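# Examination of the molecular architecture
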Amino acid sequence: MMLFMLLFSRQGKLRLQKWYMAYPDKVKKKITRELVTTILARKPKMCSFLEWKDCKIVYKRYASLYFCCAIEQNDNELLTLEIIHRYVELLDKYFGSVCELDIIFNFEKAYFILDELLIGGEIQETSKKNVLKAIASQDLLQEDETPQSFFDDHGLG
Amino acid sequence: MYPYYEQDWSVLPPENNRRFNPAFNMATIRQAFTEAVERVRMPTPTRLRDLIRQIRAARTAAEERAVVNKECAYIRSTFREEDSVWRCRNIAKLLYIHMLGYPAHFGQLECLKLTASTRFTDKRIGYLGAMLLLDERQDVHLLITNCLKNDLNSSTQFVVGLALCTLGAIASPEMARDLASEVERLMKSPNTYIRKKATLCAFRVIRRVPELMEIFLPATRSLLSEKNHGILITGVTLITEMCENSSDTLMHFKKDSGNREIVPNLVRILKNLILGGYSPEHDVSGVSDPFLQVKILRLLRILGHNDPDASEAMNDILAQVATNTETSKNVGNTILYETVLSIMDIRSEGGLRVLAVNILGRFLLNSDKNIRYVALNTLLRTVHADTSAVQRHRTTILECLKDPDVSIRRRAMELSFALINAQNIRTMTKELLLFLEKADAEFKAQCSSGMILAAERYSPNTRWHLDTQLSVLIAAGNYVRDDVVSSTIQLVSSSPVSEQTYITNRFWESLQVANHCEDKQPLLQVAVWAIGEYGDLFMYGSNEDEFERPSESDLIAMYHKFLTSAQVSTTSKQYALVSLAKLSTRLQQCVEEVQALITSFGSHLNVDLQQRGVEFTQLFGHYKHLRPPLLEKMPAMQISRISSQNGESGGSFDDNSPDVIENGVEGVGNVGNVGHPLIESNMNMLGDNTNILLDLLGSTDLSAGASELVTATDLSNAVHKKNTRNANDVGVSVSNNQDLLDLLDLDMTAPAAVTTTTPGAGGILLDQHHSSATNMNSMLGGLDLGGFGAPDSGSGSVPTNGNDLVASMLGGLSGAPAPLPAVGASAGADGNGGILLGDLNPTAASNNVTVPPQGPKLTALDKDGLLVQLVPVTGNDCMRIYMTTTNGSGNTLEQYLLKAAVQKSFQLQMLTPSGNLLPPGGIITQEMRVVATSNAVLRMRLRIQYALDGQQLVEQTEVSGFPEQQPGPAE
């Protein structure tokens, strides 16, 4: 089971955080800080795995963004890399060649996509098409209930 | 196929329904009107994207803070308004601010208000906020449970989906209990979108509250006969969790006909995946649904573990997967990795195992670092199953020790230790020493302990062993653990005289190197110990190796340097001071210089050193005649083993639970399986304690010498006798018993000194004696703790005063300031008399058979007359659980041993039991202490071992129903 997933930039700025374990806020911040520093200090040619506390960290860099997941000891590290890749593919399909800015400005969308891929730290859907369809239908639902004609300044803006 | 597309939208509430035309609805117009009014009343809040832009535009951190603070203040003010149309937007902004690291807890309740809204956008953002802002400790959980309950019953699948997703992310045990039945209902929904989500929610519910497993069992039945991959993968995940959780459920799944034989079913699905044609929907670089394949392989591994029939049924498919999988990409290797793990874990055919090890061999040579890491990891897991196969890759593994990547180096190091045997110990040690020299600080401790352990096991001869030990001390420097120091001292002490001379000289040489005394204090400690102990051999003994001897003044100069250096730790100075005192009886010329140096410590700032200084000085004055016998050479120590916490990571416990502690003696008994673990570990402790005895001799006893030497001869004789008797009772042949008694005999002078209260370690002894109201039993208790391992402490002799002394002295041993592995419960004793007494008490009292406090009794086991009961007593910081075992049968049970394990979120400490022999009607008591680290319900797994007529019997049981316990302070 995945314990948490963090997305952060090369400058160490957190872009997304998803926790599947209940940690107090303070601990979350501490973990994030520690991991960001450790991972940013690692050289590009090093392997993607880190042993950290009693879990394993799997991370991968896509352009300027690091995707970092914590998994349990028995979990398959290579598969976690595939999950990260799948998430990146989904973001890419949804935003159309995704970049860091897309995730910054539409962070809530990035969360929604992740929530259609994983629940409670486990994969719920292995078909890309199904995930994107579910997201699209929900976006449509959201659009429909936002009156467009009356006043334009509506929704999240 | 995708039901949310076929769904009839008319089931949506009118405001979400596109067929429903809202234009002419009076209510809508009114709503729009009120919104317009509100907007006039209050200015429009900043849009989410505008805020992000503003924050990003901030050039300094202070500027950013200003923007955020302003916005937060605004958001707070809007929260005070009821029915804000902008709540959703404000929460979204708050979530962004939260991600930047600013506090956002004040939005928690607003999130809940959003989730209760009827608009989908509100719900979507509300639940997102709930997942991000709430954690388990929040009181708002009850509120969100209600929201979730409503939404789980919604007619819109996406609303149900949101609720399930939130539940999956933040389910607390209470929430899991409240909503389990809803989840179970949704697991049977015909809608695949809801069903797969509900299945994973069930997985999470079981994770949090394993007792809830049963209600989900019937619903799993049909999961594996689905075609939809979402259902399949979530179903396999759920079943895996259930099987890992309880062996009963595992059996249920194996036997349950509703699943139509789970193994063939899984094999069929897997076969369809590999042999079925290309399916664009699930294809990942030429591999069909690797996610599902991996999950199935993992479940097969659990089903086939120790089950020949199930293993037989999956042999073929595993072979197929292993040979047919494309390995050029990460995906293929992912599956191969999982396959290898499964092959090694089940009762697979020999040929298949060879295939698996070969795959790992290929992995090891792969240019991809990730694959190499995985290979090392897997080899480590399988090395115990097939050592020779792994040995073939030894050179490659040793190569990996030089890898620049920490993760790979760590794995390679652990694997190297697993590969060491009597044949390759020399070459392996050479390689590992090279590694140790260059290793990072974090590796040094683990690596040095591992090497010492390996050397102990496989060393070809004493000389080599001593040399290795020295090299390790030099290479690892200050990172060496204390156990290495004591084990080296024991090794030297039990070596033949010629080797002692040799190694003392080597130690002396190593001390000549600059910086060795500051950077390598453990080396310094061992070296001065050896020089002090074997000074006569070193300086004047036979010189077989023809080394160069230093002059006595050089020697003293060196001691002077250590003892005055600010960089040398107090512990090292303690060693040096005792060593110097010893040298005074071994040197021939420089005794006066020694005395001067020792006397100078009489005014040292450090209390311990000062005490040593003062006390040793007495040995040069009035009590000169006592000096030679007091500073005799130590008796040869029994070699104790270092605990193999890291050296052997193969896992000594077959139990999965991490917190298994045997009889309160942690980690020591793991190495050997000879005889009774308690006795064995106690035997191992013996050496350490003897070692400490030296320290006591160095400081404590002399406090007696400082006072009147009115020896209570008869008293000491009494103890002497008692001790001999006791040793005989115990029946453990202790080679240095006599010497120990000699030491005790010396110590008998102490009662005369009762009135002198000396600070430090000496004081403890006296203080304890002062207040000792302990009886014979406590002495035996003390002995037990001290390491004699008296399994039968039933000798009911008349208590004498002297016994108290022995008890307190031996008790005092465990608290002496010298390095020693933690002895049972007294871990971390800080040399405080009170604490020591406290440590003694449980053991002492248990000999009298503790009367457990009254309270609710939990019966753990009641079988064949053997009754095990637990009485939990909640305290402030921990829960004490008193175990009472009563033997109601007519047979005598021997070697009774209770092991307990708790969940990861608890810490368990077990104190020494009152005994291990249960005659008919006999009672054994034992105290356990449990500290909660997080909010969870305690369950305890017990394993009870005993021997009946020489036949070993094991009972396992699980106990729950302990009172709730507040978690301790978070880290």
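First things first, this report covers the structure right here in the doc. (Residues numbered from 1 in each chain as written. Chains lettered and ligands numbered in written order. Predicted model: local features only at pLDDT ≥ 70, side-chain atom pairs only at ≥ 80, totals over all residues. Heavy atoms only, no water.)

## Focus: the pattern of salt bridges
Quick note on the threshold: For this document, the term salt bridge refers to a Lys or Arg side-chain nitrogen within 4 Å of an Asp or Glu carboxyl oxygen. The helix and strand labels rest on DSSP assignments: H or I over at least four residues marks a helix, E over at least two residues marks a strand, and numbering proceeds from the N terminus. Exposure classes here rest on a 1.4 Å probe applied to the protein chains alone. A residue is buried below 20% of its type maximum, exposed above 50%, and partly exposed in between.
Applying the stated criterion across every chain, the model contains 43 salt bridges over all chains. In this structure, Glu125 of chain A and Lys196 of chain B form a salt bridge, with 2.6 Å as the shortest nitrogen-oxygen distance. Taken together, the residues span two chains, with Glu125 of chain A in the loop between β7 (122-123) and α5 (128-145) and Lys196 of chain B in helix α11 (residues 192-208). Each member of the pair, Glu125 of chain A together with Lys196 of chain B, is buried. Via salt bridges that share partners, Glu51 of chain A together with Arg411 and Glu414 of chain B belong to a single interconnected network.

## Concerning a negative patch on the surface
Residues and elements named next belong to chain B. To keep it simple, the criterion reads: Patch membership requires more than 30% relative accessible area and the absence of a salt bridge. Residues of like charge join within 9 Å; the nonpolar side chains Val, Leu, Ile, Met, Phe, Trp and Tyr join within 5 Å. All accessible areas in this document rest on Shrake-Rupley with a 1.4 Å probe, and a residue is counted as covered only by the protein chains that are shown. We score Asp and Glu as negative and Lys and Arg as positive, and we do not count His or the chain ends. By convention, charge coordinates are those of NZ in Lys, CZ in Arg, CG in Asp, or CD in Glu.
Judged by side-chain charge, Asp309, Glu312, Asp316 and Glu349 come together as a negatively charged surface patch. Looking at where Glu349 falls in the secondary structure, it is placed in the loop between α18 (330-345) and α19 (350-365). For Glu349, a relative accessible area of 43% translates into the label partly exposed.

## With respect to the side chain of Asp289 of chain B
Its place among the elements puts Asp289 of chain B in the loop between β2 (287-288) and α16 (290-304). It turns out Asp289 of chain B is buried and unbridged, and the closest side chain with the opposite charge, Arg86 of chain A, is 6.4 Å from it.

## Considering the packing of aromatic side chains
Which entries qualify depends on this criterion: When the centres of two rings from Phe, Tyr and Trp lie within 6.5 Å, Trp using its six-membered ring, the rings pair. Their planes under 30 degrees apart give stacked, over 60 give edge-to-face, and anything left gives tilted. Put simply, a charge is over a ring when the Lys NZ or the Arg CZ is close to the ring centre, within 6 Å, and near the line of the ring normal, within 35 degrees.
Applying the stated criterion across every chain yields a total of 17 aromatic pairs over all chains. These aromatic residues form a ring-pair network of at least three members: Phe4, Trp19 and Tyr23 of chain A. The positively charged end of Lys60 of chain A is found above the aromatic ring belonging to Tyr62 of chain A, 5.8 Å away from the centroid. A cation sits over an aromatic face here: Arg124 of chain B above Phe112 of chain A, 3.9 Å from the ring centre.

## With respect to the interface of chain A and chain B
Short version of the rule: Residue contacts are defined here by distance: any two heavy atoms, one from each residue, within 4.5 Å place the two residues in contact. Accessible-area loss on putting two parts together, using a 1.4 Å probe and summing over both, is the definition of buried area adopted here. We define a polar contact as two N or O atoms separated by no more than 3.5 Å, with the added condition that, inside protein, one atom must be a possible hydrogen donor and the other a possible acceptor, whereas residues neighbouring each other in sequence contribute only through side-chain atom pairs.
Contacts between the two partners involve 77 residues from chain A, matched on the other side by 87 residues from chain B. Taking both partners together, chain A and chain B bury about 7,900 Å²; carbon and sulfur atoms supply 54% of that area. On inspection of chain A and its partner chain B, the count reaches nine salt bridges. A salt bridge links Glu108 of chain A to Arg49 of chain B, with the nearest nitrogen and oxygen atoms 2.8 Å apart. If you look at where chain A meets chain B, you find 30 residue pairs in polar contact (both at pLDDT 80 or more).

## Structural notes on the state of the cysteines
Residue and element names in this part refer to chain B. Counted only if it meets this: The term disulfide is used for any two cysteine sulfur atoms that are within 2.5 Å.
According to the stated counting rule, one finds zero disulfides over all chains in the structure shown. The thiol of Cys165 is unpaired, and the distance to the nearest cysteine sulfur, on Cys201, comes to 8.0 Å. You can call Cys165 buried: its relative accessible area is 5%.

## Structural notes on the side chain of Ser407 of chain B
Relative to the helices and strands, Ser407 of chain B is located in helix α23 (residues 406-419). By relative accessible area, Ser407 of chain B is classed as buried at 4%. Polar side-chain contacts of Ser407 of chain B include one of 2.6 Å to the backbone oxygen of Phe49 of chain A.

## Observations concerning helix α4 (residues 61-80) of chain B
Residue and element names in this part refer to chain B. Rules: Here the expected span of a helix is defined as 1.5 Å times the quantity of residues minus one. Taking the helix axis as origin, the arc is that swept by the directions to the C-beta atoms.
Taking 1.5 Å of rise per residue, the 20 residues of α4 would be expected to cover 28 Å, and the 29 Å separating its terminal C-alpha atoms lies within 8% of that figure. Residues of α4 that are buried: Glu64, Val67, Val68, Glu71, Cys72, Ile75, Thr78 and Phe79. Taken end-on, α4 shows its buried residues confined to a sector of 130°, consistent with a single buried face. In α4, those exposed residues whose orientation departs by more than 90 degrees from the buried face are Lys70 and Arg80. Buried residues belonging to α4 abut α3 (48-57), α5 (87-99) and α6 (108-115).

## Focus: the environment of Ser914 of chain B
All names here are of chain B. Locating Ser914 in the fold gives a position in the loop between β8 (906-910) and β9 (923-932). Taking the C-alpha atoms as reference points, Ser914 and Thr884, separated by 30 residues in sequence, lie 9.9 Å from one another. Here Thr925 takes part through its backbone nitrogen, which lies 2.8 Å from a polar atom of the side chain of Ser914.

## Some points on the environment of Ser487 of chain B
All names here are of chain B. Tracing the sequence through the fold places Ser487 in helix α27 (residues 482-493). Judged by relative accessible area, Ser487 falls into the buried class, the value being 5%. With 31 residues separating them along the chain, Ser487 and Glu456 place their C-alpha atoms 9.4 Å apart.

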